[in-house]
Amino acid sequence: MTTVGRRARGEDEGIRNVLDIDTPLLRQVGRDALSLALIDARNCTLRRFEAYERAGALAVPCLPELNPPLWELGHVAWFQEYWVGRNVERYRGAQADPTRPKLASILPQADAWYDSSRVPHDERWSLALPDAPDTRAYLVDTLEATLDLLSGAPETDEGLYFFRLALFHEDMHAEAFAYMAQTLGLPMPDLPPAEFFAPRDPITVPHCRWTLGSARGEGFVFDNEKWAHEVRLPEFEIDAQPVSWAQFLEFIEDGGYEDRRWWSDDGWAWVQRDARTAPRHVEQVRHGVLARQFGALTQVPLAAPATHVSCHEAEAWCRWAGRRLPFEAEWEAAASLGRRRGFRHGEVWEWTASRFKPFEGFEPDPYRDYSLPWFGTHRVLKGGSRATRGRLKDPKYRNFYLPHRDDIFCGFRSCAL
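Since we're looking at a predicted model, the values are computed, not measured.

As for the overall build of the protein
And then number 1: Along its length, the protein carries 10 helices and 13 strands.
And then number 2: Since a compact globule built from 417 residues should have a radius of gyration of about 22 Å, the 21 Å found for the protein is in line with a globular shape.
And then number 3: Projecting the C-alpha coordinates of the protein onto the three principal axes gives extents of approximately 60 × 50 × 40 Å.
And then number 4: Of all 417 residues assigned to the protein, the portion counted as buried reaches 56%.
And then number 5: Expressed as a percentage of contacts within the protein between residues at least 6 apart in sequence, the contacts between residues at least 24 apart total 76%.
And then number 6: Counting 51 positive and 62 negative side-chain charges, the protein places the averaged centre of each group 3 Å from the other.

Next up, the structure:
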């Protein structure tokens, strides 16, 4: 059996506050810290759901990038119960057999309501879901059961695997509550303020061998990160920070959205179909950038990263600027080797030039639908945004979306050709 990651017990002893439990080290810590993190994640979920209640926005339009907020809330509890409370192989980790029957749910219709693998997206609007108080009660009951089971879990990566998976899954849905609120124009008061910094010169990363993917025995690993393997990288130059609004504004003012030369075939079709003239939520680009941020018209700081930029737009800007998107391995190497030379990330998810594909020897973990259905069609994004919990901001984490998505908090940085 693999033991808990090498820093786990030392980190557990130092866990004292939310900052301690909101870092990527949560992939490695043991039961005590994990218990606090699960409670923290649940509190975040409830706070962000309450923003919809305060706005009277539990009924939302059926759009591809949205889910009904009540469904989203119940799904979080269902996922935790399904893979922890109902999973008879919960302590076997990634070796668990996903086909083994699960125990009964405490909510008799839970699978019919909340199983995202069985309930098609558009059908979620027609379900007779429990109301908000009953859904909250389901969240309380499932978390209590999870924490009870966690207290007796083996202090191994296998024994803690599904508890960590449930934690990170909930963190992902907390971010979904935030980007859905942005799409709907709803306030989301619990987000930290946006950060931006003075421009820094690009970084040159020398020729190197870089280890892509996660290593065995280092704590929790998502299946699409398996396993660590070496790649050779020639020398390259990469931006120290994501492309700013000031830089992207030049592209807009130069007629970038009207010039076919800068766009891929899919990107140009997307521009024409949606009549795009600027990134999503931007309402004016004269004398700066005015954009809608959680429903409020805001003068966006020009030094801030350009946000809600699709991969199509990122690639078009790069062609216009005579640059390119970094590959996944380049981004990771720069994040590590350039950290002391001004490489910053975490303000926006960053598109890369890499398609979301399995590494050699990939085998899906028990949650089969996490990665497998999306290989080949999606792009890899790296870094994290201000709506992302710090636990997910591990440089090895591979986020992935279709290239037209611009509702998430996404931007990009560029490399020299």
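Considering helix H8 (residues 265-274)
And then number 1: Those residues of H8 not exposed but buried are Gly-267, Trp-268, Trp-270 and Val-271. Down the axis of H8, the sector holding all buried residues measures 155°, keeping them to one side. Exposed residues lying more than 90 degrees from the buried face of H8 are Asp-265, Asp-266 and Arg-273.
And then number 2: Looking at the buried positions of H8, the neighbouring elements they touch are helix H9 (311-321).

Regarding the pattern of salt bridges
Between side chains of opposite charge, pairing is possible as soon as their charged atoms come close.
And then number 1: Under the definition given, this model contains 37 salt bridges.
And then number 2: Where Arg-389 meets Asp-22, a salt bridge forms, and the shortest distance between an N and an O atom there is 3.4 Å. Taken as a pair, Arg-389 in the loop between strand E10 (379-382) and strand E11 (399-401) and Asp-22 in the loop between helix H1 (8-14) and helix H2 (31-54) lie far apart in primary sequence, 367 residues in all.
And then number 3: Among the residues examined, Arg-389 registers a relative accessible area of 7% and is labelled buried.
And then number 4: Judged by its relative accessible area of 21%, Asp-22 falls in the partly exposed class.
And then number 5: The salt bridge partner of Arg-344 is Glu-347, with a shortest N-O separation of 3.8 Å.
And then number 6: Using a relative accessible area of 31% as the deciding quantity, one classes Arg-344 as partly exposed.
And then number 7: Judged by relative accessible area, which is 13%, Glu-347 ranks as buried.
And then number 8: Residues participating in the shared-partner salt-bridge network are Glu-65, Arg-273, Asp-274, Arg-276, Arg-280 and Asp-406.

Some points on the nonpolar core
And then number 1: Of all hydrophobic cores here, the largest spans 98 residues; its most connected members are Phe-248, Trp-263 and Phe-412.
And then number 2: For this core, the leading source of residues is helix H6 (residues 157-184), giving 14 residues.
And then number 3: Formed by 17 residues, the second largest nonpolar core is a distinct cluster that contains Ile-203, Ala-334, Ala-335 and Phe-359.

Regarding the environment of Arg-216
And then number 1: Looking at where Arg-216 falls in the secondary structure, it is placed in the loop between strand E2 (208-212) and strand E3 (229-233).
And then number 2: A residue is classified by how much of its surface remains accessible, and Arg-216, at 61% relative accessible area, is exposed.
And then number 3: Separated by 77 residues in sequence, Arg-216 and Leu-139 have C-alpha atoms that sit 33 Å apart.

Remarks on helix H3 (residues 69-85)
And then number 1: Between its first and last C-alpha atoms H3 spans 23 Å; for 17 residues at 1.5 Å apiece the expected length is 24 Å, and the two agree.
And then number 2: Counted residue by residue, H3 has 16 buried out of 17 residues, so it is predominantly covered.

A closer look at the sheet that holds strand E12 (residues 410-411)
And then number 1: Spatial strand order, E11-E10-E9-E12: four strands in an open sheet with mixed pairing. With partners counted over all chains shown, the strands left at the sheet margins are E11 and E12, one partner each.
And then number 2: In this sheet, E10 lies alongside strand E9 (residues 349-355) in antiparallel orientation, the contact comprising three bridges. Counterpart to Trp-351 in the pairing with E10 is Leu-381.

Some details on the side chain of Asn-87
And then number 1: Relative to the elements of secondary structure, Asn-87 occurs in the loop between H3 and helix H4 (110-114).
And then number 2: Judged by its relative accessible area of 3%, Asn-87 is buried.
And then number 3: Setting aside its immediate chain neighbours within four residues, Asn-87 contacts Glu-81, Tyr-82, Lys-102 and Phe-162.

Thoughts on the environment of Arg-405
And then number 1: Relative to the elements of secondary structure, Arg-405 occurs in the loop between E11 and E12.
And then number 2: In this structure Arg-405 comes out as buried when scored by relative accessible area, which is 17%.
And then number 3: Sequence separation between Arg-405 and Glu-258 is 147 residues, and the spatial gap between their C-alpha atoms is 20 Å.

Some words on the packing of aromatic side chains
And then number 1: Applying the stated rule across the entire model yields 35 aromatic pairs.
And then number 2: Considering the side-chain rings of Phe-79 and Tyr-367, the 5.0 Å spacing of their centres and the 70° angle between planes classify their relative orientation as edge-to-face. In this pair, Phe-79 sits in helix H3 while Tyr-367 sits in the loop between E9 and E10, placing the two residues 288 residues apart along the sequence. For the pair formed by Phe-79 and Tyr-367, the shared burial category is buried.
And then number 3: Consider the rings of Phe-168 and Phe-220, whose centres lie 5.4 Å apart with planes at 50°: the pair is tilted.

Quick notes on the pairing of strand E6 (residues 289-293)
And then number 1: Here two bridges tie strand E5 (residues 282-284) to E6, and the two strands are oriented antiparallel to one another. Pairing of Gln-284 across the sheet is with Leu-290, part of E6.
And then number 2: Between the end of E5 and the start of E6, which pair antiparallel, lie four residues, with His-287 showing a positive phi angle near 60°.
And then number 3: Here E6 pairs with strand E7 (residues 296-300) via five bridges, running antiparallel. Counted as the bridge partner of Gln-293 is Ala-296 from E7.
And then number 4: Joining the antiparallel neighbours E6 and E7 is a turn of two residues, in which Phe-294 adopts a positive phi near 50°.

About the cut-offs
Residues numbered from 1 in each chain as written. Predicted model: local features only at pLDDT ≥ 70, side-chain atom pairs only at ≥ 80, totals over all residues. Heavy atoms only, no water. Helix = DSSP H or I, 4+ residues; strand = E, 2+ residues; numbered from the N terminus. Rg over C-alpha atoms; globule rule 2.2 N^0.38 Å. Buried < 20%, exposed > 50% of the residue type's maximum accessible area, 1.4 Å probe, protein only. Contact = heavy atoms within 4.5 Å. Lys, Arg positive; Asp, Glu negative; His and termini not counted. Charge placed at Lys NZ, Arg CZ, Asp CG, Glu CD. Arc of directions from axis to C-beta. Salt bridge = Lys/Arg side-chain N within 4 Å of Asp/Glu carboxyl O. Core = buried A, V, L, I, M, F, W, Y, C linked by side-chain atoms within 4.5 Å. Expected span 1.5 Å × (residues − 1). Pairing = 2+ DSSP bridges. Phe/Tyr/Trp six-rings, centres within 6.5 Å; stacked < 30°, edge-to-face > 60°.

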